[in-house]
Amino acid sequence: MIFDLLLVAALLWSAVQALTTPDLFRAVVLFIIFGLLMALAWARLDAPDIALAEAAIGAGLTGALLLDAVAHLHKKRREQSP
Amino acid sequence: MRTLLNVTVLFLASAFGLALGWLILDLPVAAVRLPEQVTAQLEMSGVVHPVTAVLLNFRGYDTLLEIAVLLLALLGILALPRHVSDHQHRPSSANPVLQTLTRVLAPLMLLVAGYVLWAGAHRPGGAFQAGAVLAGAGVLLHLAGLLPAWATPGRTLRAGLAVGLLVFIAVAVALMAQGTLLQYPLSWAGALILMIEASLTLSLGLILAGLYLVLTDSGVQK
Amino acid sequence: MSSALVYALTGAALFVLGMAGLILQPHLLRKILAFNIMGSGIFLMLVGVAQRAGTPDPVPQAMVLTGIVVAIAATALALALARQLLDMNGEMRLPEEKTGKDRLDV
């Protein structure tokens, strides 16, 4: 139960941080951390299937997509203001 | 003006959150016990793992629609105008260590995907997770500079993207004669599920990898 | 109170957090993040509420598995549209959000 409460606190903290951090890159990294914590939460909820999918898709692939979008955004910014 | 909006939204959101929490604590006990029903019907499903049984047998139409939604999302991305140029350059900064590591890892990931797919019948695993591993291998290969981004998928690739949905629909149509949607005959259920799952894995892997490989601009330059 | 119920309540909190972020953040990439957090909250609520008696329930678990895959498809499509907007307007925010400049930016 203590582990559950700690995990829940970490989940909420990473979600708030991902939504409010000024730097976009940091926000995406925090979101990936949030995804990995979600995978842990699924494992605690006796749902190993979802834990596997969340770790691979929710954290991994979504993270790759978002990081790629941030990189694209920074490149555009550089092109606009050389 | 902006602060007023912030305060209002935060206030309303917290009120909504409290109401939601109170409702969750106040919920009556469910009238239908789904886990027991699944356990009772499990031996009719052709697989031993309950989540796979629900995904591909009891609620197979959900999975059928899900692969259709994925295909539609990829088609939507492909339909957007993109700046495709003639020179397809690969990420040049790819590290030789990363390349060698990827060359070793990619076949291993293929093996893991195969195992996860096969394991889905009797333990956690199945088409979704195996497809995700395949997609991960695709993204890794691209990042190591071994696989170019997709400008427009060719004929073989398109067939691969669609095979999961097509096999699933073919099975559904073939079983239509019984009068119920996606009700597998008991003796064939295991084999049919494995066949659908194998094609789903291939399509899911390609579509999920495609979501990244079509969007990324490290391969297709403006 | 079972631990599944704790996760269900966390799900409600995450849903509300994501909803507030979706409304308040002008940047589209942040809206997509908020949308994903909202979705995760819904998934936690679905499984947490169904398992509050303590026994694992495969039906909502299978639904959530489907949901996660659909969520990444929606995210990818949203990102593609946001990038399109960036290429056309030079910024990743909706035209209505004019006062957004003073907010958190890249």
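Residues numbered from 1 in each chain as written. Chains lettered and ligands numbered in written order. Predicted model: local features only at pLDDT ≥ 70, side-chain atom pairs only at ≥ 80, totals over all residues. Heavy atoms only, no water.

Engineer: Would you take a moment to explain the overall build of chain C for this structure?
Structural biologist: Helices and strands together make up the secondary structure of chain C, namely 3 helices and 0 strands. Scanning chain C from its N terminus toward the C terminus, one meets helices and strands in the order α-α-α. Looking at chain C residue by residue over its 106 residues, the buried ones come to 62%. Pairs at least 24 residues apart make up 59% of the contacts formed inside chain C by residues separated by at least 6 positions. Entry remark: accessible area of chain C is about 3,600 Å², with carbon and sulfur atoms responsible for 68%. (Helix = DSSP H or I, 4+ residues; strand = E, 2+ residues; numbered from the N terminus. Buried < 20%, exposed > 50% of the residue type's maximum accessible area, 1.4 Å probe, protein only. Contact = heavy atoms within 4.5 Å. Areas by Shrake-Rupley, 256 points an atom, 1.4 Å probe, with all protein chains shown as cover.)

Engineer: How should the interface of chain C and chain B be read in this particular structure?
Structural biologist: Opposite the 41 residues of chain C that make contact, chain B presents 44 residues. When chain C packs against chain B, close to 3,400 Å² is buried across both sides, 78% of that on carbon and sulfur atoms. Scanning the region where chain C abuts chain B turns up 0 salt bridges. Secondary-structure elements contributing two or more residues to the side of chain C that touches chain B are helix H1 (3-24), helix H2 (28-50) and helix H3 (58-89) of chain C. The dominant element in the side of chain C that touches chain B, judged by the number of residues it contributes, is H3 of chain C, at 19 residues. Counted by class, the side of chain C that touches chain B contains 29 nonpolar, 5 polar and 7 charged residues. (Buried area = accessible area lost by both parts, 1.4 Å probe. Salt bridge = Lys/Arg side-chain N within 4 Å of Asp/Glu carboxyl O. Nonpolar A, V, L, I, M, F, W, Y, C, P; charged D, E, K, R; others polar.)

Engineer: Honestly, helix H2 (residues 24-44) of chain A in this entry has me stumped. Any pointers?
Structural biologist: The α-helix winds at 3.6 residues per turn, so residues separated by three or four positions along the chain end up facing the same way. For H2 of chain A, spanning 21 residues, the distance from its first C-alpha to its last is 30 Å, which sits close to the expected 30 Å at 1.5 Å a residue. Buried within H2 of chain A are the following residues: Leu24, Ala27, Val28, Leu30, Phe31, Phe34, Gly35, Leu37, Met38, Ala39, Ala41 and Trp42 of chain A. Contacts from the buried residues of H2 of chain A go to helix H1 (2-20) and helix H3 (48-80) of chain A together with H1, H2 and H3 of chain C. Immediately downstream of H2 of chain A, the backbone of Asp46 of chain A shows phi near 60°, a positive value. (Expected span 1.5 Å × (residues − 1).)

Engineer: Mind showing me how you'd approach the packing of H1 of chain C against H2 of chain C here?
Structural biologist: When two helices pack together, their arrangement is given by the angle between the helix axes and the distance between those axes. Residue and element names in this part refer to chain C. Where H1 meets H2, the axes come as close as 7 Å, and the angle between the chain directions of the two elements is 160°. By the angle between their directions, the pair H1 and H2 is classed as roughly antiparallel. As for the relative orientation of H1 and H2, their crossing is left-handed in sense. The residue inventory of the contact of H1 with H2, partitioned by class, reads 18 nonpolar, 5 polar and 1 charged. (Axes fitted to C-alpha atoms, helices over the stretch in contact; angles between N-to-C directions. Parallel < 35°, antiparallel > 145°, perpendicular 65-115°, else oblique. Left-handed = near helix turned anticlockwise from the far one by under 90°.)

Engineer: How should the environment of Leu94 of chain C be read in this particular structure?
Structural biologist: All names here are of chain C. Within the fold, Leu94 resides in the segment after H3. Here Leu94 falls in the partly exposed class, since its relative accessible area comes to 33%. Ignoring anything within four residues of it in the chain, the contact list for Leu94 reads Leu28 and Leu85.

Engineer: Where do I start with the interface of chain A and chain C in this structure?
Structural biologist: The accessible area lost on association of the parts is a frequent measure of interface size. Contacts between the two partners involve 44 residues from chain A, matched on the other side by 43 residues from chain C. Overall, the association of chain A and chain C removes approximately 3,900 Å² of surface from exposure, summing both partners, and the carbon and sulfur fraction of that is 76%. The largest per-residue losses of area from chain A upon contact with chain C belong to Leu19, Leu24 and Leu45 of chain A, which jointly make up 17% of the total buried on that side. Here chain A is connected to chain C by 2 salt bridges. The salt bridge involving Asp87 of chain C is made with Lys76 of chain A; its shortest N-O contact spans 3.0 Å. There are 8 residue pairs in polar contact (both at pLDDT 80 or more) connecting chain A and chain C. Looking at the side of chain A that touches chain C, the element that brings in the most residues is H3 of chain A, giving 18 residues. In the side of chain A that touches chain C, the residues fall into 29 nonpolar, 6 polar and 9 charged. (Polar contact = N/O pair within 3.5 Å; in protein donor to acceptor, adjacent residues only side chain to side chain.)

Engineer: Please explain the packing of aromatic side chains as it appears in this structure.
Structural biologist: Here the distance between the centres and the angle between the planes together describe a pair of aromatic rings. Overall, the coordinates contain 3 aromatic pairs over all chains when judged by the stated rule. Taken together, a centroid distance of 6.0 Å and an interplanar angle of 50° make the contact between Phe16 of chain B and Phe15 of chain C tilted. Here Phe16 of chain B is found in helix H1 (residues 2-26), whereas its partner Phe15 of chain C is found in helix H1 on a different chain. By relative accessible area, which is 37% here, Phe16 of chain B ends up partly exposed. Geometrically, the ring pair formed by Tyr115 of chain B and Trp118 of chain B is tilted, given 6.1 Å between the ring centres and 45° between the ring planes. Of this pair, Tyr115 of chain B and Trp118 of chain B both sit in helix H5 (residues 96-119), 3 residues apart, which is roughly one turn of the helix. (Phe/Tyr/Trp six-rings, centres within 6.5 Å; stacked < 30°, edge-to-face > 60°.)

Shape is all these values report; function is a separate question.
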